[in-house]
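Structural description and commentary
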Amino acid sequence: MNINLESKMYEIRCLIEEKKMSQLKELLIDLKPVDIADIIDELEEPEALVVFRLLPKELAVEVMPYFEVERQKRIAQLITAKELNELVADLYFDDMIDLLEEMPAEIVSDVLQNIEPEQRKLINEFLAYPPHSAGALMTIEFVELSPNMTVREAIEHIREVGLSKETVYTCYVITKTKKLLGIVSLRELVTADLDAKVEDLMDDDVITVNTHDDQEDVADTLKRYGFLAIPVVDNNYRLTGIVTFDDIIDVIEDEATEDFQKMAAMTPSEEAYLDLSVFALAKHRVLWLLILMISATFTGAIIEGYQHTLDKLTILSAFIPMLMDTGGNAGSQSSTLIIRGLATGDIETKDFLKVMWKEARVAVICGVVLATVNFARLVLINHLATPIAFAVSITLICTVLMAKMVGSMLPIIAEKLKLDPAIMAGPLITTIVDAGALMIYFRLASSMLHLV
């Protein structure tokens, strides 16, 4: 929270304590909806409810979508049924759907009972779309135009309905059966001849997404073409809604958060960190920790298998941590870049060989530099025998090469298998590379130092 909001927070607390509600209301009205939401999130539940109830109805409607899910649930449970119904009725349709998706079943049932049958049917259709699909994300608040309208009629129509729509910058030209014919921008309408026909101005080469497309694909399409909104059509090419850029920003943030959690070997969670209990946080982490712990036993088995080598030359054990850490770091570097590249579309599965060739060259350069510095350190500073220093340094080159190959290839393989590449990140890559590094080390050391 910025300094200005912190000062407002202090002022709000003081006004609540002094019960100066009229002054508090005046203060809140001057703030932006997102700032009000941040302030209410910082308050204790009784104070938060007092502040929220002070908001004018129109402002409360704007503030509600900015709350975290848990705060939305609590407010919905604490305010009266009448207040909740009025609030829901004035929300933009996509915000209404988002709110109802998170509410307990009994609250949703109460809300739906007080909604017109036609809208209730529409809401149920939206709630039936798969989670994280374009259908679940879209809104129906857009401007529809008929191809036979004149520009004058179209502008008059936008004036009549525009205030209730989420966007008016792009208008959608449809038939009576809702089939999408084209789009026309508000700029084109206000600069065109008033007697011109909409069908003569519209662009019929429309980029669309399907109601069942994944929200991540929708985000990629919107970002690729730089749209403010993108139309969503069903299998019969009927316009069912639009997805706006503000919803896509939330999708991008959610997907990035999910990828970070997977890359850290945790079960993804949509709840905020501070809202999760200690047990919930532990539950999200412990399964992957168990898997990684069990898989790490392979490294112990490899060390046991080469115990005779270590018994002959115990100094070799001193370099195991350095080799494993370097391999893990090298693999994580590559996997992070490749996972990010796959997420942004910069890298595709067909680029498998290009990535392998590039990472191989990077690995050789990095490996040689690291090995040279390491060899000089071992011989000149640690006064280690040259054959041993040479064996360790050659192992370092091979380990970095192996780690970068594993780190770059596994995410692409995961993508090819329709798995999330993020699971092939840090902890998992490190575990695999550790085992590989030990195998390379003991094989090379045994062979070069004649310890077999």
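Residues numbered from 1 in each chain as written. Predicted model: local features only at pLDDT ≥ 70, side-chain atom pairs only at ≥ 80, totals over all residues. Heavy atoms only, no water.

A short note on the packing of helix H4 (residues 45–54) against helix H6 (residues 69–78)
Viewed as axis vectors pointing N to C, H4 and H6 meet at an angle of 75 degrees, and their least axial separation amounts to 11 Å. One element, H4, and the other, H6, form an angle in the roughly perpendicular class. Of the residues in H6, those in contact with Glu 45, Ala 48, Leu 49, Phe 52 and Arg 53 of H4 are Arg 71, Arg 74, Ile 75 and Leu 78. Residue classes in the contact of H4 with H6 are distributed as five nonpolar, no polar and four charged. (Axes fitted to C-alpha atoms, helices over the stretch in contact; angles between N-to-C directions. Helix = DSSP H or I, 4+ residues; strand = E, 2+ residues; numbered from the N terminus. Parallel < 35°, antiparallel > 145°, perpendicular 65-115°, else oblique. Contact = heavy atoms within 4.5 Å. Nonpolar A, V, L, I, M, F, W, Y, C, P; charged D, E, K, R; others polar.)

Thoughts on the pairing of strand S2 (residues 170–174)
Counting buried residues along S2, four of its five residues qualify, which places the element largely inside the surrounding structure. Where strand S1 (residues 144–145) lies against S2, two bridges are found, and the strand directions are parallel. Across the sheet, Glu 144 pairs through a bridge with Tyr 172, a residue of S2. Since S1 and S2 lie parallel, the crossover through helix H12 (residues 151–161) that links them has a hand, and here it is right-handed. With five bridges connecting them, S2 and strand S3 (residues 180–185) associate as antiparallel partners. The partner of Cys 171 across the bridge, within S3, is Val 184. (Buried < 20%, exposed > 50% of the residue type's maximum accessible area, 1.4 Å probe, protein only. Pairing = 2+ DSSP bridges. Right-handed = clockwise from strand over helix to strand, strands pointing away.)

Description of the layout of surface pockets
Counted as a void, the second largest pocket has a volume near 510 Å³. Residue lining of the second largest pocket: 17 residues in total, with Leu 122, Glu 125, Ile 140, Lys 178 and Thr 240 positioned closest to the centre. At the level of secondary structure, the elements contributing two or more residues to the lining of the second largest pocket comprise helix H10 (117–127) and strand S6 (239–244). With six residues, the top contributor of residues to the lining of the second largest pocket is H10. (1 Å grid on protein atoms, 1.4 Å probe; cavity = no way out; pocket = protein on both sides within 12 Å on 5 of 7 lines; lining within 4 Å. Points joined across faces, edges and corners; volume = space filled by probe spheres on them.)

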